[in-house]
Structure formats: structure tokens, C-alpha cells
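Fold and contact review
The lines below spell out each chain.
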Amino acid sequence: VLDWFAKEMCGNNNPKLASRDIARSWMNYMAMCAGIASPGTIQEILRGYVGDRNAPERLRPDEKVRVGPVAIKGVTDVKFGPIEYKSLWKDQKGFLRPAELATVRLRSMVEVLSKFDHYVPDQRLLDWRGATFLFDCSNGQNPSLIYEYRDRGVLTYSETPDRPLSFLTDFIGLERARNPLGLRDPDFIYDD
């Protein structure tokens, strides 16, 4: 069963990689996606669908995401095959709207799946969690660690999910660290 799962379901055609290791990695990853031993994952999944009034927008109004029969423009126009509609939150602005982050994640998923072998060259490592390290290399020979964050779950990229680059404030400035895409932000007042 593990050989079948690794070969047929995970696309492992590399005889040098053990099927058992690949199947274990995929099973662990699926459990992590379900929130098992993966703190913060379910909250981040829900935040992607319900929005976050403390976070800036993530999609420009004219930005398009297309996946098979699904086409989404900004956070307003949705087309699913022959069905077209405008979202209930089409007039909301200035914060992360419902489904907006989920749409951004959908676009990322399409990118990763279309180049899966490039992003995941060794499927045995699929369930490894990521981390962010920032080093000060100004002293030449001995770089010193000035920031560290180790992911605890899936989609938990930062200590501050609504402002994931806040740790870079001292290096890129407050405004850019808080809103790197420069889209509408709940911390600013707009005249429209």
C-alpha cells in the first residue's frame, strides 16, 4: 500500500527514494493541514476565509486568479464555469476581506503544484516545517543571529500573521514592514 501511495498518489518514480519515507511525509503533512500537531493552522485557514480587519488588503481590484474553470478578479467578481457572481463584500475596502487571503493562497498553490518537482525536489522533506532567520553580517567573519522564527504549523509563517514582516521594521521601515504591498490598510484613513 505504501509503495502504491508513494508512486501513484505522490508521483514518486525515483527508485532511490524509499516509498515508506515519502508516504510517511505525505501522511504527516495531511495531518498537519488538518491541525494535528500543527498549532495555529486551523486559525490561519479560517482567517483566509473570514478575513482580518487588522491586516491590509492582499489583492488589487484588477488582479486576476485563474484555476481551471474558476476565475476570480480582485475580491469582487467570481466566475465558476458558467456561474458568475459578485461577492457579498465587493464594496468593502481597507482590510483583508473575506476569501481574499484564501484567493492569494489558491494562486500560490497553483504555482507550487505546477512546478512541484522544483519546489519539492525531495518529497521525504514535505512535512518539514520552515523557519526565518535574519543575520547581521556587517562584522565580516562572524555573523550574528538577530531574529529567529520557527514555524509551528502550516501557514504560520510569522509571529504576527496580520503583519508578517513586522520583524523587518528596523531594516525596511515601519510603513513597508507593516504593508509591503502598499495596498489599502486599516491603520490608515482614506478619503473615499
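Now for a quick tour of the structure. Nothing here was measured: the structure is a model prediction, and the numbers come from that model.

Each value, and the rule that gives it
Residues numbered from 1 in each chain as written. Predicted model: local features only at pLDDT ≥ 70, side-chain atom pairs only at ≥ 80, totals over all residues. Heavy atoms only, no water. Helix = DSSP H or I, 4+ residues; strand = E, 2+ residues; numbered from the N terminus. Buried < 20%, exposed > 50% of the residue type's maximum accessible area, 1.4 Å probe, protein only. Areas by Shrake-Rupley, 256 points an atom, 1.4 Å probe, with all protein chains shown as cover. Expected span 1.5 Å × (residues − 1). Contact = heavy atoms within 4.5 Å. Salt bridge = Lys/Arg side-chain N within 4 Å of Asp/Glu carboxyl O. Pairing = 2+ DSSP bridges. Axes fitted to C-alpha atoms, helices over the stretch in contact; angles between N-to-C directions.

On to the overall build of the chain. Broken down by element type, the chain carries seven helices and six strands. Ordered by position in the sequence, the α and β elements of the chain form the string α-α-α-β-β-β-β-α-α-β-β-α-α. Looking at the chain residue by residue over its 192 residues, the buried ones come to 32%. Approximately 12800 Å² of the chain is accessible, and the part contributed by carbon and sulfur atoms is 57%.

Looking now at helix H4 (residues 100-114). Between its first and last C-alpha, H4 extends 21 Å over 15 residues, near the 21 Å set by a 1.5 Å rise per residue. Within the span of H4, buried status applies to Glu100, Leu101, Ala102, Thr103 and Val104. The inward-facing, buried residues of H4 contact helix H3 (41-50), strand S1 (64-67) and strand S2 (70-73).

With that settled, consider the environment of Asp91. Tracing the backbone through its elements, the reader meets Asp91 in the loop between strand S4 (83-86) and H4. As a C-alpha pair, Asp91 and Thr76 span 15 residues in sequence and 8.0 Å in three-dimensional space.

This next bit is on the pattern of salt bridges. On inspection of all chains with the given rule, the structure shows 15 salt bridges. Residue Glu44 is joined to Arg47 by a salt bridge in which the shortest nitrogen-to-oxygen separation is 2.8 Å. You can see Glu44 and its partner Arg47 sitting in helix H3, three residues apart, about one turn around the helix. Considered together, Glu44 and Arg47 belong to a single accessibility category, that of buried residues. With a closest N to O distance of 3.9 Å, Glu57 and Arg184 form a salt bridge. You can see Glu57 sitting in the loop between H3 and S1 and its partner Arg184 sitting in the segment after helix H7 (174-178), a full 127 residues away along the chain. Residue Glu57 is classed as buried on the basis of its relative accessible area, which comes to 5%. One salt-bridge network, held together by shared partners, links Glu44, Arg47, Asp52 and Arg105.

Turning to the sheet that holds S4, a few remarks are in order. Pairing in this open sheet of four strands is antiparallel, and the strands run S1-S2-S3-S4 from one edge to the other. With partners counted over all chains shown, the strands left at the sheet margins are S1 and S4, one partner each. Here the strands of the sheet are splayed against their neighbours by 10 degrees on average, with no regard to which way each runs. As paired elements, S1 and S2 share four bridges and run antiparallel to each other. Residue pairing for S2: Val65 is matched across the bridge by Ile72. Of the strands in this sheet, S1 and S2 touch H4, which is tilted by about 55 degrees from S1.

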